[in-house]
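Geometric and topological summary
Spelled out, the chains give:
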Amino acid sequence: MSEFRLNFQDTATAFADKSDSQLKEKYRLFKLLNSPTLNSIGSAAARFALSIGLPVEGLIKATIFEQFCGGEKIEECEPTITKLGASNIGAILDYSVEGKATEEDFERTKNEIIKTIERAKDDPNIPFAVFKVTGVAPLGTLERMSRKKRLDAKSQAKCERIHNRVLEICEFAYSVGQPVFIDAEESWIQDAIDRMAAEMMERFNREQAVVYNTIQLYRTDRYQFLKKSRRQAHADGYIYAAKLVRGAYMEKERERAREMNYPSPIHPTKADTDASYDAAIDYCMRHFKDMAFVAGTHNEASSQKVAAMMREYGIAPNHPHIYFSQLYGMGDNISYVLAKEGYNVSKYVPYGPVADTVPYLIRRAQENSSAAGHMSREMEMLERELKRRKLN
Ligand SMILES: Cc1cc2nc3c(=O)[nH]c(=O)nc-3n(C[C@H](O)[C@H](O)[C@H](O)COP(=O)(O)OP(=O)(O)OC[C@H]3O[C@@H](n4cnc5c(N)ncnc54)[C@H](O)[C@@H]3O)c2cc1C
């Protein structure tokens, strides 16, 4: 491997579009999140306050929502799309409403996702759309579908409605030429998601990568699954497209496995997950000509690895089959440095009514706590930049 390295410590580039006061505000929030005690009290308090109808939305909106979301509606995300675009970073409008349960909610969410595709089409500043299948489907039905049990007539009808919604979204994306990611979720519903994703890829990825499935490399079985899925696509004559992530539901997965007494589907250590993620990168790089992939990560070593391999293989940084992606409000040292060097970079820009985005915000809060006993990565970068600007 070459010695090529990008400078992800370049905080001047990472925070170039942040004013001093914006930087200080971000630092204050990440400092709060960094404390495991304040973090868990804050998360529990937000859930509780919203559940009993306390008017805390304004407070959430002005603090954590402001740092991690683009707004409550697509129109409110426009300044963020423009700002990212000015640094050659694409935005991915992510309607982050979770925990809905009625058919009307699912239809409304499907229509909103179609609106994001409508907004994205023909705009080079929005390279991808994205959706979660649980936004348009009841969890119980997805779980039954994943268990491959015989469905009764009522479940069968629900299953058809889910399939139709996923089809409608992907068909629309295809008709306007807009690539779309299908996010990965909990392992006990993932099989249903994977089957629909494979069907959508087979239908719509004949000429170019339109539908991307997501591979969570914290799962012990996913590296094999990635290889099998690509080979299948190759044999069936369509372009395989994958977003590679480590996985966001580790605690939940392990807890359920313990409670229900089955082996945890998650790698036993972080080093195992990292090795699996790197193996997936290697594999995708070896097959970049007949597949497309996105490295969805804030991990510097993984991002360095993709960039170094592209250089080693003589692949142009802006090759359309290879993208990097981070979440809005995080990993700016990776996004902005890669974009400055000409790589394809995009960021999820979550949006939606404040109360409905709380599960998403709590996941981000937990990721930025120093539960492991050291300062979070984001805090470290912010401190470095504050020092560089002589602000602390
Ligand atoms: C653009 C983008 C899209 C995403 N889409 C999805 C999605 O569709 N589905 C989804 O589930 N997640 C998604 N995520 C979140 C992602 O899965 C990770 O939770 C998050 O990015 C942190 O991982 P990392 O690669 O950035 O790096 P790191 O911070 O280096 O890794 C942290 C991750 O490593 C794993 N890990 C940590 N400790 C251990 C341990 N003890 N044993 C085993 N594994 C461990 C966990 O997966 C943890 O999240 C997305 C992230 C991005 C940036």
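Here is a short report on the structure shown in this document.

Scoring rules and cut-offs
Residues numbered from 1 in each chain as written. Predicted model: local features only at pLDDT ≥ 70, side-chain atom pairs only at ≥ 80, totals over all residues. Heavy atoms only, no water. Phe/Tyr/Trp six-rings, centres within 6.5 Å; stacked < 30°, edge-to-face > 60°. Helix = DSSP H or I, 4+ residues; strand = E, 2+ residues; numbered from the N terminus. Lys NZ or Arg CZ within 6 Å of the ring centre and 35° of its normal. Near = heavy atom within 4 Å. Polar contact = N/O pair within 3.5 Å; in protein donor to acceptor, adjacent residues only side chain to side chain. Areas by Shrake-Rupley, 256 points an atom, 1.4 Å probe, with all protein chains shown as cover. 1 Å grid on protein atoms, 1.4 Å probe; cavity = no way out; pocket = protein on both sides within 12 Å on 5 of 7 lines; lining within 4 Å. Points joined across faces, edges and corners; volume = space filled by probe spheres on them. Nonpolar A, V, L, I, M, F, W, Y, C, P; charged D, E, K, R; others polar. Salt bridge = Lys/Arg side-chain N within 4 Å of Asp/Glu carboxyl O. Buried < 20%, exposed > 50% of the residue type's maximum accessible area, 1.4 Å probe, protein only. Patch = residues over 30% accessible without salt bridge, like charges linked within 9 Å, V, L, I, M, F, W, Y side chains within 5 Å. Pairing = 2+ DSSP bridges. Right-handed = clockwise from strand over helix to strand, strands pointing away.

Concerning the packing of aromatic side chains
Throughout the structure, instances matching the rule amount to 10 aromatic pairs. On the numbers, 5.7 Å between centres and 85 degrees between planes, the contact of F324 with Y343 is edge-to-face. Of this pair, F324 sits in strand β7 (residues 322–327) while Y343 sits in the loop between α14 (332–340) and β8 (345–351), and the two are 19 residues apart along the sequence. Taken together, the ring pairs connect F128, F181, Y212, Y323 and Y348 into an aromatic cluster. Sitting over the ring of F225, R222 keeps its end group 4.0 Å from the ring centre. Between R246 and the ring centre of Y277, over which it is positioned, the NZ or CZ distance is 4.4 Å.

Topic: the site of the ligand
What surrounds the ligand is a group of 28 residues, the closest being R246, G247, T273, T297 and H298. A184 is positioned with one of its backbone polar atoms (N or O) 2.9 Å from a nitrogen atom of the ligand. In this structure, G247 approaches the ligand through a main-chain N or O atom, which is 2.6 Å from an oxygen atom. The protein chains hide 88% of the 930 Å² of surface that the ligand would expose on its own. Among the elements that line the shell around the ligand, the one with the most residues is β7, at 3 residues.

Digging into empty space enclosed by the protein
Under the definition given, this model contains 1 cavity of 30 Å³ or more. Taken as a whole, the largest cavity spans an internal volume of roughly 90 Å³. Looking at the largest cavity, the residues that line it are D94, Y95, S96, V97, E98, T109, I113, F131, K132, G135 and Y360. Put simply, the parts of the chain that give the lining of the largest cavity at least two residues each are β1 (90–95) and α6 (103–120). Its residues assigned to classes, the lining of the largest cavity shows 5 nonpolar, 3 polar and 3 charged.

Looking at the pattern of salt bridges
One pass over the structure, following the stated rule, counts 36 salt bridges. A salt bridge links E107 to R165; the shortest N-O distance between them is 2.8 Å. Taken together, the positions of E107 in helix α6 and R165 in helix α8 (residues 153–176) put the pair 58 residues apart, joining distant regions of the chain. Residue class for E107 comes out partly exposed when judged on its relative accessible area of 33%. On the basis of relative accessibility, which here comes to 2%, the residue R165 falls in the buried class. Between E199 and R203 there is a salt bridge whose closest N-O contact spans 3.3 Å.

Considering the environment of P268
Inspection of the secondary structure puts P268 in the loop between α11 (250–260) and α12 (270–286). Taking C-alpha positions, P268 is 8.8 Å from T220, a pair spaced 48 residues apart along the chain.

A short note on a nonpolar patch on the surface
Taken together, F48, I52 and L54 make up a surface patch of nonpolar side chains, about 310 Å² in accessible area. Positionally, I52 belongs in the loop between α3 (36–51) and α4 (57–68).

Side note on the pairing of strand β4 (residues 211–216)
The buried fraction of β4 amounts to 6 of the 6 residues, a majority that puts the element mostly inside the structure. Of the two faces of β4, both are covered, the one formed by V211, N213 and I215 as well as the one formed by Y212, T214 and Q216. Two strands pair when backbone bridges link them, and strand β3 (residues 180–182) and β4 are joined in this way by 2 bridges, in the parallel orientation. By the bridge assignment for β4, V180 is matched with V211. Handedness of the β3-helix α9 (residues 187–204)-β4 crossover: right-handed. Viewed along the sheet, the connection from β4 through helix α10 (residues 222–236) into strand β5 (residues 240–245) turns out right-handed.

This is a description of form; function is not addressed.
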